[in-house]
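# Topology and contacts: notes
Given next are the chains, with one letter for each unit.
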Amino acid sequence: LSIGIKLWLAMFNKKIGSKIRSKVIEAAGKDALGDVIVTSGTLASLLFYRFTQINVDGIVGIIVSVVVFYNGIGVAKDTISPLLGEAISYKDYDKITKFVNSFKGVIGSHDLLIHQYGPEKSMASIHVEIPNHYSMEESHEIVDKIEREALAKLGVTLVIHADPVEMVDKIVLKTRKRVLDVVQEVDLQVGIHDFHLSYGESGMINLVFDITIPYEYSKEKEEYIEKEIKRK
């Protein structure tokens, strides 16, 4: 009876966990399956002794211990990442980014961070680039509209930080283009955002910007790219 109920529970949790994309519930299913293996091992050992009078408790105990240990590691791996936070899929990232970039007045976006709290319950923050000649009221109206529609259409509570982008000053535009060309000479997969140009007291021109680097790049490659951009 115990084996039957636990087997049903394992399948039920697996089905529900898969349906609502919950690693924790899927892990509960694996835990129930572990109980099935332990109880089955005990039952098998009892039946074997009943018909052969040979005691195999020790051997079965070792096998069951290994299975339980292996299953425990699997459950821990499946539950720790969702609880501590894990990277979202490219599909979800791309979906939110394209949604935000589709609004009139938005030049681009970056620094998207998403925290998921179950199926269709997410909170995210993103930086949105808006022309710096827009007034505070115009920028706020754009941001407010994106946040409302993101909640209504995507089920995501979105918090937006507006980044002003120079769209008129010819010197800034020309310099930004030169910097982007230099960056892409170093690596075509690297981009820039949050570009600012300012003049120091001695007439020195200061260029400040962020670079976006593919997630799979190593720390050594990141450092090499940064040094090469500064050198060029």
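Computed from a predicted model, the values in this text were never measured in an experiment.

### Some details on the overall build of the chain
Along the backbone of the chain there are seven helices and five strands. Listing the helices and strands of the chain from first to last along the sequence gives α-α-α-α-β-β-α-β-α-β-β-α. Computed over its C-alpha atoms, the radius of gyration of the chain comes to 28 Å, more than 25% above the 17 Å expected for a compact globule of 232 residues. In terms of principal-axis extent, the alpha carbons of the chain reach across some 95 × 45 × 25 Å. Each of the 232 residues in the chain was classed as buried or not, and the buried ones make up 28%. In the chain, once contacts between residues fewer than 6 apart in sequence are set aside, the share between residues at least 24 apart is 49%. Of the roughly 16,400 Å² that the chain leaves accessible, carbon and sulfur atoms contribute 60%. Across the chain, the 28 positively charged side chains and the 32 negatively charged ones have centroids separated by 7 Å.

### Thoughts on the side chain of Thr-175
The residue Thr-175 is located in helix H6 (residues 170–186) in this model. At 2.6 Å, the side chain of Thr-175 and the backbone oxygen of Ile-171 are in polar contact.

### Re the pairing of strand E2 (residues 122–131)
Most of E2 is tucked away: seven of the 10 residues are buried. Two elements, strand E1 (residues 108–116) and E2, share seven bridges in a ladder whose sense is antiparallel. Bridging from a neighbouring strand, Leu-113 pairs with Ser-125 of E2. The pairing of E2 with strand E3 (residues 156–165) spans 10 bridges and is classified as parallel. Following the sheet pairing, Ser-122 is matched in E3 by Val-156. With respect to chirality, the unit in which E2 leads through helix H5 (residues 136–154) into the neighbouring parallel E3 is right-handed.

### Comments concerning the pattern of salt bridges
According to the stated counting rule, one finds eight salt bridges in the structure shown. Among the salt bridges present, the one from Lys-177 reaches Asp-181, with a minimum N-O distance of 2.9 Å. Residue Lys-177 and its partner Asp-181 are located together in helix H6, separated by four residues, close to a single helical turn. As a salt-bridge pair, Glu-226 and Lys-230 come within 3.2 Å of each other at their nearest N and O atoms. Linking Glu-226 with Lys-230, this pair stays in helix H7 (residues 219–231), spanning four residues, or about one helical turn. Residue Glu-226 is classed as partly exposed on the basis of its relative accessible area of 40%.

### What to know about the layout of surface pockets
Quantified by volume, the second largest pocket comes out at close to 810 Å³. Residue lining of the second largest pocket: 22 residues in total, with Tyr-93, Asp-111, Leu-112, Ile-213 and Tyr-215 positioned closest to the centre. Counting only elements with at least two residues in the lining of the second largest pocket, the list comes to helix H4 (90–101), E1, E2 and strand E5 (205–212). In terms of residue count, the dominant contributor to the lining of the second largest pocket is E1 (six residues).

Conventions we followed
Residues numbered from 1 in each chain as written. Predicted model: local features only at pLDDT ≥ 70, side-chain atom pairs only at ≥ 80, totals over all residues. Heavy atoms only, no water. Helix = DSSP H or I, 4+ residues; strand = E, 2+ residues; numbered from the N terminus. Rg over C-alpha atoms; globule rule 2.2 N^0.38 Å. Buried < 20%, exposed > 50% of the residue type's maximum accessible area, 1.4 Å probe, protein only. Contact = heavy atoms within 4.5 Å. Areas by Shrake-Rupley, 256 points an atom, 1.4 Å probe, with all protein chains shown as cover. Lys, Arg positive; Asp, Glu negative; His and termini not counted. Charge placed at Lys NZ, Arg CZ, Asp CG, Glu CD. Polar contact = N/O pair within 3.5 Å; in protein donor to acceptor, adjacent residues only side chain to side chain. Pairing = 2+ DSSP bridges. Right-handed = clockwise from strand over helix to strand, strands pointing away. Salt bridge = Lys/Arg side-chain N within 4 Å of Asp/Glu carboxyl O. 1 Å grid on protein atoms, 1.4 Å probe; cavity = no way out; pocket = protein on both sides within 12 Å on 5 of 7 lines; lining within 4 Å. Points joined across faces, edges and corners; volume = space filled by probe spheres on them.

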